[in-house]
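What follows is the residue order along each chain.
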Amino acid sequence: CDETARAANAPRAFLNSGAWYEPATAGQGVLFEVNPVDRFVFGAWYTFAASGPADYRWFTFQKSNVDTSAGTLLDVPILETTGGRFDNGQAAVTTRTVGSADLRFDDCGRGSMTYRFTSGELQGRTGEVPLQRVGPSPAECR
């Protein structure tokens, strides 16, 4: 299969997949997987704890049955997973919804994430993070 031809024929929303960040807050960012065929979006947000940069936090986004072609994905749940231990399948893991986010892709290189935390360590925190792609946009976007 010719990967270049396949990418050129892929639905536009696939091209939003990848690594995104806000240069003013380097050290934080989001990895997105946008799948218009399965109508699904997944993201991993690496950021800091409320106490500061000494403690990292990872949140995930996951939503199905979404119209990824719209460019804006509303009320995508923000999930927090705690517990567990590296390479130890016996440690208990808990995943819970701690908020929601609106994800906007202006084009293949610019967008934003508006977040609302409704529980957990960051309960009550809201904001908007302007995002840009890490590295160049896919050639199919130009």
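Reading the values: rules and limits
- Just so you know, the residues in each chain are numbered from 1, in the order the chain's sequence is written.
- With the structure being a predicted model, the display of local features is reserved for residues of pLDDT at least 70 and the display and counting of side-chain atom pairs for 80 or more, all residues being used for whole-chain, interface and lining totals.
- The side-chain quantities take in all heavy atoms of the structure and omit both hydrogens and water.
- Stacked, tilted and edge-to-face are the three classes assigned to paired rings of Phe, Tyr and Trp, where Trp is represented by its six-membered ring and a pair needs centres within 6.5 Å; plane angles under 30 degrees give stacked, over 60 edge-to-face, the rest tilted.
- Every helix listed is a DSSP run of H or I at least four residues long, and every strand listed is a run of E at least two residues long, numbered separately from the N terminus.
- Burial here depends on accessible area, computed with a 1.4 Å probe over protein chains only, as a share of the maximum for the residue type. Under 20% is buried, over 50% is exposed, and the range in between is partly exposed.
- Whether two residues are in contact is decided by their heavy atoms: any pair within 4.5 Å suffices.

Asks: Describe the packing of aromatic side chains, listing the residues and the values that go with them.
Replies: Counted according to the given criterion, the structure contains 11 aromatic pairs. Between Trp20 and Phe105 the ring centres are 5.4 Å apart and the planes differ by 65°, which places this aromatic pair in the edge-to-face class. Placement of Trp20 in strand S1 (residues 18-21) and of Phe105 in strand S6 (residues 88-105) is noted, with a sequence separation of 85 residues between them. For the pair formed by Trp20 and Phe105, the shared burial category is buried.

Asks: Outline the environment of Leu74, supporting the account with residue identities and numerical values.
Replies: Within the fold, Leu74 resides in strand S5 (residues 72-85). In this structure, the C-alpha to C-alpha distance between Leu74 and Asp102, residues 28 residues apart in sequence, is 4.4 Å. Not counting residues within four places of it along the chain, the set of residues in contact with Leu74 comprises Lys63, Ala101 and Asp102.

Asks: Before we move on, could you go through unusual backbone geometry and cite the residues and values that matter?
Replies: Even without being glycine, Arg39 reaches a positive phi, approximately 55°. In this structure, Asp75 takes a positive phi of about 55° despite not being glycine. Tracing the sequence through the fold places Asp75 in strand S5. Of the residues examined, Asp75 reaches a relative accessible area of 46% and is grouped as partly exposed.

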